Amino acid sequence: MANLILILGDQLTTDISALEGADPKRDRIVMAEVHEEASYTNHHKKKLVLLFSAMRHFGQQLEQDGWRVHYQHYHPDNEHQSLEAVVSTLLEDLSPDTIITTECGEWRLHNQINQWQERLGVPVDTRTDTRFIASKREFADWAEDRKQLRMEFFYREMRRKTGLLMTPDDKPEGGSWNFDADNRRKWSGKPPAPAPFRIEPDTITRDVIDLVDQHFPDHFGNTDDFHFAVTHGDAQEALNYFIEFTLPCFGDYQDAMSDTEDWLFHSILSPYINCGLLDPLAVCEAAARAWYAGLAPINAVEGFIRQILGWREFVRGIYWLHMPGYAKENRLGNTRSLPWFYWTGETKMRCMHKAIDATRRNAYAHHIQRLMVTGNFALLAGVKPEEICDWYLAVYADAYDWVELPNVLGMVMHADGGYLGSKPYAASGKYIQRMSDHCANCHYKVSKSTEPDACPFNSLYWHFIDRHRADFEGNPRMGMMYRNWEKQKPEKREALLKRANYLLEHLEEL
Ligand SMILES: Cc1cc2nc3c(=O)[nH]c(=O)nc-3n(C[C@H](O)[C@H](O)[C@H](O)COP(=O)(O)OP(=O)(O)OC[C@H]3O[C@@H](n4cnc5c(N)ncnc54)[C@H](O)[C@@H]3O)c2cc1C
Ligand code: SF4
């Protein structure tokens, strides 16, 4: 009785549920670099390098551990260009009793694999992904009968469930569930931001870099200076580095942006957590240990754990609760195309240029750049949700549909009608000025709103407020914005709308 065990590119751990109870002598593992998965979007070249190289290293590790692995290396002329084609050929060769897999992270593939049993005529055993702290069922039970889902309450449940940062009598450590109010400092160059953790490419990674450069030349970004970890050991080193050098300041500067530093005090662990090189719970436990040992303050540690235990689990729950319909939502009725400068970075808006340029070089931008710069601009400009979602899915090394879609469509674009966020994260240039030093180096003047050199975010912000009055006027968290808008003189309001309309007609020239 032999089984065929399918391990996907974001399931790179021996703890994956598909391997539970498996027998290395009898069962066969299949891993495949296939064209269909590598090219369903314009994936950043560094993301392709990271995943192919991490898959190859993991495949080797499995073989060293005694598993028999059928591994398909990428080639554009491969006979089998999809996972289904690879698996169906192996069925002919091996006649396994069952195909075993762990539920995958995106609806598109999940839907395909769900049809395999019927299409391929072999039982398919799809197992729960136990790397997540809340199962899909658990999240659905929590969400049932709630009118509004708020991350904060779900997060508290997860704290209680895991015991992370909880006292023995079930109270939050430090006397509060959330220390976010302490996490909004601007960064003025001190303390110095640590250099990002880096691993020099080994032979396998260098081969993959050549492959990606040769076969994916039109994909976004470049492979230059690739320094991500691609093995469990190196990803663990990246975690250790973060805990020792970066975590202590993570909280203070969590929302800061810099004109000169790409990474600031962020962990840069999402690419590893999302593909299986790091376990999310183990990452949270390492951060909690640092607090108990007095190595990092509570606002840093709680803030970091909340991102993983709270936001990461929450968005995944929302995704599976509402797919496939969620991807089609566009409640603000946006119709504008994504400006081309999202792909080139060529814009005079300094904040946008910096965020997109870092994204092109690094396949990374931190949360506030994604939310309050590139996301905010798309929201204010009324970009079609599917176009901005496609962009985010393509450009980041950590991007997978289950995490990208709720963050972009829900949190940034408010296209789900406020299901994920109680109010849109719309902001004028003032916010960007408060949290960064970009404005001092910008072609536009953040202090101006209506003149030809005025910061585009300013008038676009008021245009957004004005055009969505019917959507947001009744929202208690937006009332002040509408009162401020009404307080302005009619001539000022008219000038702001005129300037914004001009910008909307000339987006490509900004
Ligand atoms: C528009 C937009 C798109 C995003 N797309 C993705 C995506 O495709 N993939 C992705 O992993 N994250 C996404 N995020 C969330 C977040 O920006 C990234 O997880 C984070 O920037 C990764 O960098 P880091 O590891 O240095 O994070 P840190 O700032 O160090 O945070 C620690 C960890 O918390 C988790 N985390 C933080 N915020 C979120 C969040 N909102 N949702 C889920 N996990 C979170 C990540 O695992 C991250 O590694 C998106 C956020 C926004 C606003
Ligand atoms: S002035 Fe406006 S466009 Fe320029 S960096 Fe500041 S917020 Fe961005």
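One structure accompanies this document, and this report is about it. One numbering rule holds for all chains: residues counted from 1, following each sequence as written. As a convention, the first chain written is A and the first ligand written is 1, with the rest following in written order. Totals for whole chains, interfaces and linings use every residue, but because this is a predicted model, local features are given only for residues with pLDDT of at least 70 and side-chain atom pairs only at 80 or more, for both listing and counting. Side-chain numbers come from the whole structure's heavy atoms, not from hydrogens or water.

1. Considering the site of ligand 2
Line of reasoning, step 1. We call a residue near a given molecule or strand whenever any one of its heavy atoms falls within 4 Å of it. Around ligand 2, the structure places Met349, Arg350, Cys351, Gly429, Ile432, His438, Cys439, Cys442, Tyr444, Val446, Cys455 and Phe457.
Line of reasoning, step 2. Strands are runs of DSSP state E lasting at least two residues, helices are runs of H or I lasting at least four, and both sets are numbered from the N terminus onward. Of all the secondary structure elements, the ones that give two or more residues to the shell around ligand 2 are helix 14 (350–362) and helix 18 (429–435).
Line of reasoning, step 3. Classification convention: Asp, Glu, Lys, Arg as charged; Ala, Val, Leu, Ile, Met, Phe, Trp, Tyr, Cys, Pro as nonpolar; all other residues, Gly among them, as polar. By residue class, the composition of the shell around ligand 2 is nine nonpolar, two polar and one charged.

2. Quick notes on the sheet that holds strand 4 (residues 98–102)
Line of reasoning, step 1. Strands were regarded as paired on the criterion that DSSP finds at least two bridges between them. If you walk across this open sheet you meet the five strands as 3-2-1-4-5, and the pairing is parallel. Two strands bound the open sheet, and with one partner strand each, they are strand 3 (68–72) and strand 5 (124–127). Direction aside, the axes of adjacent strands within the sheet are offset by 25° on average.
Line of reasoning, step 2. For strand 1 (residues 3–6) and strand 2 (residues 28–32), the ladder comprises three bridges, and the chain directions are parallel. From the neighbouring strand, Leu4 faces strand 2, where its bridge partner is Arg28. Axes here mean lines fitted to C-alpha atoms, for a helix over just the part in contact, with angles spanning 0 to 180 degrees between N-to-C directions.

3. Observations concerning the site of ligand 1
Line of reasoning, step 1. Taken together, 29 residues lie near ligand 1, and His266, Ser267, Ile268, Asn274 and Tyr364 sit nearest.
Line of reasoning, step 2. Any pair of N or O atoms that falls within 3.5 Å is considered a polar contact. Within protein, one atom must be able to donate a hydrogen and the other to accept it, and sequence-neighbouring residues count only if both atoms are side-chain atoms. Residue His266 places a side-chain N or O atom 2.8 Å away from an oxygen atom belonging to ligand 1.
Line of reasoning, step 3. In this structure, Gln307 approaches ligand 1 through a side-chain N or O atom, which is 3.5 Å from a nitrogen atom.
Line of reasoning, step 4. Computed by Shrake-Rupley with a 1.4 Å probe, the accessible areas treat only the displayed protein chains as cover when residues are assessed. Out of a free accessible area of 810 Å², ligand 1 has 99% covered by protein chains.
Line of reasoning, step 5. The element contributing the most residues to the shell around ligand 1 is helix 17 (residues 401–412), with six residues.
Line of reasoning, step 6. Of the residues belonging to the shell around ligand 1, the class tally is 17 nonpolar, eight polar and four charged.

4. What to know about the pattern of salt bridges
Line of reasoning, step 1. For this document, the term salt bridge refers to a Lys or Arg side-chain nitrogen within 4 Å of an Asp or Glu carboxyl oxygen. A full pass over the atoms with the stated rule returns 29 salt bridges.
Line of reasoning, step 2. Close ionic contact of Glu329 with Arg331 constitutes a salt bridge, the shortest N to O distance being 3.0 Å.
Line of reasoning, step 3. Think of it in three bands: with a 1.4 Å probe and only protein chains considered, a residue is buried below 20% of the maximum accessible area for its type, exposed above 50%, and partly exposed in between. Since its relative accessible area comes to 49%, Arg331 is described here as partly exposed.
Line of reasoning, step 4. Bridged by salt links that share partners, the residues Asp180, Arg184, Glu302 and Arg306 form one connected network.

5. Remarks on the environment of Val49
Line of reasoning, step 1. Among the structural elements, Val49 can be located in helix 2 (residues 45–64).
Line of reasoning, step 2. It is 30 Å that separates the C-alpha atoms of Val49 and Val124, two residues lying 75 residues apart in sequence.

6. Quick notes on helix 2
Along an α-helix, residues three or four positions apart point the same way, because every turn accommodates 3.6 residues.
Line of reasoning, step 1. Expected span, for any helix, means 1.5 Å times one less than how many residues it has. Between its first and last C-alpha, helix 2 extends 29 Å over 20 residues, near the 28 Å set by a 1.5 Å rise per residue.
Line of reasoning, step 2. Burial within helix 2 is extensive, with 16 of its 20 residues counted as buried.
Line of reasoning, step 3. Looking one or two residues beyond helix 2, the residue adopting positive phi is Gly66, at roughly 100°.

7. Digging into the nonpolar core
Line of reasoning, step 1. Counting residues in each nonpolar core, the largest one holds 156 residues, and the members touching the most others are Leu247 and Phe377.
Line of reasoning, step 2. Each residue touching Phe377, except ones within four places of it in the same chain, is listed here: Pro339, Phe341, Tyr342, Met349, Met352, Phe457, Leu460, Leu507 and Leu510.
Line of reasoning, step 3. The term nonpolar core refers to a set of buried residues drawn from Ala, Val, Leu, Ile, Met, Phe, Trp, Tyr and Cys, joined through side-chain atoms within 4.5 Å. Within the second largest apolar cluster, 19 residues are counted, among which are Val30, Val86, Trp116 and Val124. Contacts between residues were defined by any pair of non-hydrogen atoms, one from each residue, lying within 4.5 Å.

8. Things to note about the packing of helix 19 (residues 456–467) against helix 22 (residues 490–505)
Line of reasoning, step 1. For the pair helix 19 and helix 22, the least separation of the axes is 8 Å and the interaxial angle reads 105°. Looking at the two axes, helix 19 sits roughly perpendicular to helix 22. For the pair helix 19 and helix 22, contact is made by Pro456, Ser459, Leu460, Trp462, His463 and Asp466 and by Leu496, Leu497, Arg499, Ala500, Asn501, Leu503 and Leu504, respectively.
Line of reasoning, step 2. For the contact of helix 19 with helix 22, the residue count by class is eight nonpolar, three polar and two charged. Any angle from 65 to 115 degrees is called roughly perpendicular, while one under 35 is roughly parallel, one over 145 is roughly antiparallel, and all others are oblique.

9. Quick word on the state of the cysteines
Line of reasoning, step 1. Note that a disulfide, as used here, is simply two cysteine sulfur atoms within 2.5 Å. Scanning the model with the defined rule gives zero disulfides in all.
Line of reasoning, step 2. In this structure Cys389 is a free cysteine whose sulfur lies 19 Å from that of Cys104, the closest cysteine sulfur available.
Line of reasoning, step 3. Since its relative accessible area comes to 6%, Cys389 is described here as buried.

None of this, on its own, says anything about what the molecule does.
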